[in-house]
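Architecture and fold: a report
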Amino acid sequence: MVGGAASAGETDTAGTDPGRDWPPPRRAPVALYVHFPFCVSLCPYCDFVVYAGANARGPRNRIESLVGALETELELRADALDVAFGRPGAFGRPPLDSLYIGGGTPSLVDDASLGRLVDLVRRRFGLAADAEVTLEANPGADERGNPAAQRRAGITRISYGAQSLDPVEVKRLGRRHAPGDVADAVRAARRAGISSINLDLLYDVPDGSLATWMTTLDEALDLKPDHLSLYALTLDDPDAEGLTGPGGDHLPTTSGARRWRDVARPAQDEDRAAAQYQHAVDWLAEAGFLGYEISNWARAGHESRHNRAYWERRPYDAVGPGAHAFDGASRRWNAARLDAYVAALSPGDGGSPRLPPGGVEHLDEATAVAERTILGLRTARGLPLADADEPPLADSFAWAMDQELLEVTDDARIVLTTRGRLLSNELFSRLV
C-alpha cells in the first residue's frame, strides 16, 4: 500500500493503541470524513443520514447551504486542532493520510464546491502528497458527476454504490440506476485517470439467489475494479435502538421504509447468505483479491487507507450531520438533524457560528480493549497470539477455537476462519 497505513503483514499498531496503553492520550487525526447528507431518492434499506427529494434537486435544494456549513465546521474543527496540536506539519500534527467524502451522494456537489472543500482541507488540516482522497458516487448518469473534474479537484479514489448488477435486484432495492450505468461510470472514471475504484455490492438481497450473486460478482470483476466492498444487507431499527432523538446520530425511519423492511426481512435467508459469502471468498481469492477485512477485498496496493484507520483505531476527525470522530481517548458525533446543524454553523440572527449539537463518549478501558480486539479480528492481520491470554479474548478463546471460528497462523497470529467471519457477531457479542 502506498503511504503511511500498514498493509496486511506489516507492523502492529499496538504500541500507540489506546486499547493497550491506558489512559490514552488525545492524538491528532490521520484521516478526515466529510458527510454529505443528500440523495435524489431514499433507498428503503438505508440507515445513513440522508435527506432526499427537494433537498437534493430543484429550486429549493439545500446543497449550497450545506456546503457553506461544512466549510464553517471544517474551519472550527481545524482551529481546535491548531490549539491542541499546533499547525499541520508541526511535531505531533502530521498531514492527513486520508480524506473521505461520503454520504448520501456527494457526487451531486458541483465541481467548484468540491474543489473548494478539498482545498480547504488541504490548507487547514494538511494533506500528504500521496493522500488517498475518496469520493462516494452513485453510478447513474445524472448522479455520478464529472470524474475528470473530480480528479482535478484532488479525488484519487471513487467508490460507486452499485449494490447489484442484476436488473431485478436493482429495482427491488429501490436504486435509480441500471446495471449498465455501473460499467459506464467505471469506464468514465478510468478515462479521467482515477487511480483506484471501488464497487459496493450487497448480498442476502430479499428473494435473491446464489446464481444471481455469482453473476453479479462475475460482471463486477469484468469491470476490473481495484476494490470490492461486499456487505450483507442488514435491516436494523434505529428508532428502537434509541438513536433517532434530537441529539441522535440517525434519522427516524420513514413509514415507507419500515413497510418495505417488514416485507423484506422474511425474504432473506441466513444459509443463502452464507453460501454467497463463501463463494465470494473463494472466487475473489482466485481473481487475485485479498480479503483484508470481513467485508472488503482489494488488489495489492488498493486497500482503503481510510477504513484501515478505523479498524486500527487511529484518530480521525469528521464533519457533517451524523458524522463520528475519534481522538484516541473519546468518540464524538454530530446530531443528524440538518436544520439544527445548519442553524449552528450559519446562524440567521447574525451571531457567531458555533459547533453543531451532538455528543461525546469517553471510553473506559474495558470498552477500548474490547474495541481493539473486535476490530483487530475483523482484519486479515488479526491479533497477536498473546492476546489469547488477556481479556476479553481469554474467556472465549478456547470456545472459539473449538467452534472453528478462530485459527492460529504460522506466524502466531489469531485470525477468524471463514466460518468465523460468517458467525463473527456470535463471537463479538461475547467480547463486549
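Reading the values: the criteria
- Residues numbered from 1 in each chain as written.
- Predicted model: local features only at pLDDT ≥ 70, side-chain atom pairs only at ≥ 80, totals over all residues.
- Heavy atoms only, no water.
- Helix = DSSP H or I, 4+ residues; strand = E, 2+ residues; numbered from the N terminus.
- Contact = heavy atoms within 4.5 Å.
- Axes fitted to C-alpha atoms, helices over the stretch in contact; angles between N-to-C directions.
- Parallel < 35°, antiparallel > 145°, perpendicular 65-115°, else oblique.
- Nonpolar A, V, L, I, M, F, W, Y, C, P; charged D, E, K, R; others polar.
- Patch = residues over 30% accessible without salt bridge, like charges linked within 9 Å, V, L, I, M, F, W, Y side chains within 5 Å.
- Areas by Shrake-Rupley, 256 points an atom, 1.4 Å probe, with all protein chains shown as cover.
- Salt bridge = Lys/Arg side-chain N within 4 Å of Asp/Glu carboxyl O.
- Buried < 20%, exposed > 50% of the residue type's maximum accessible area, 1.4 Å probe, protein only.
- Pairing = 2+ DSSP bridges.
- 1 Å grid on protein atoms, 1.4 Å probe; cavity = no way out; pocket = protein on both sides within 12 Å on 5 of 7 lines; lining within 4 Å.
- Points joined across faces, edges and corners; volume = space filled by probe spheres on them.

In this fold, Ser 304 is placed in the loop between β10 (296-298) and α9 (305-311). In this structure, Ser 304 is in contact with Glu 132, Arg 157, His 227 and Tyr 292, ignoring residues within four places of it in sequence.

The next thing to look at is the packing of helix α1 (residues 63-85) against helix α2 (residues 111-124). Look at α1 against α2: their axes get within 10 Å of each other, and the N-to-C directions meet at 5°. Taken as axis vectors, α1 and α2 run roughly parallel relative to one another. Seen from α1, the contacting residues are Val 67, Leu 70, Glu 71, Leu 74, Glu 75, Ala 78, Asp 79 and Asp 82; seen from α2, they are Ser 113, Arg 116, Leu 117, Leu 120, Val 121, Arg 123 and Arg 124. Residue classes in the contact of α1 with α2 are distributed as 7 nonpolar, 1 polar and 7 charged.

Another point: a nonpolar patch on the surface. Together, Leu 385, Met 401 and Val 408 line one region of the surface with nonpolar side chains, adding up to about 200 Å² of accessible area. In this fold, Leu 385 is placed in the loop between β15 (383-384) and α12 (394-402). Residue Leu 385 is classed as partly exposed on the basis of its relative accessible area of 35%.

To continue, consider the sheet that holds strand β16 (residues 406-408). On the basis of which strands lie adjacent, the open sheet formed by 3 strands has the order β15-β17-β16 and antiparallel pairing. Both outer strands of the open sheet, β15 and β16, are each paired with one neighbouring strand and no more. Relative to strand β17 (residues 413-416), β15 runs antiparallel, the two sharing 2 bridges. Within β17, the position partnered with Pro 384 by the bridge is Arg 413. Its contacts with the sheet put α12 on β16 and β17, and the angle it makes with β16 is roughly 95°.

With that settled, consider the environment of Gly 126. Within the secondary structure layout, Gly 126 lies in the loop between α2 and β5 (127-137). Linking Gly 126 and Pro 95, residues 31 residues apart in sequence, is a C-alpha distance of 4.3 Å.

Summed over the entire model, instances satisfying the criterion amount to 2 cavities of 30 Å³ or more. Here the second largest cavity is characterised by a volume of approximately 30 Å³. What lines the second largest cavity is simply Val 34, Leu 74, Leu 99, Ile 101, Leu 117, Val 118 and Val 121. Where the lining of the second largest cavity is concerned, the elements lending two or more residues are β4 (96-103) and α2. A class-by-class count of the residues in the lining of the second largest cavity yields 7 nonpolar, no polar and no charged.

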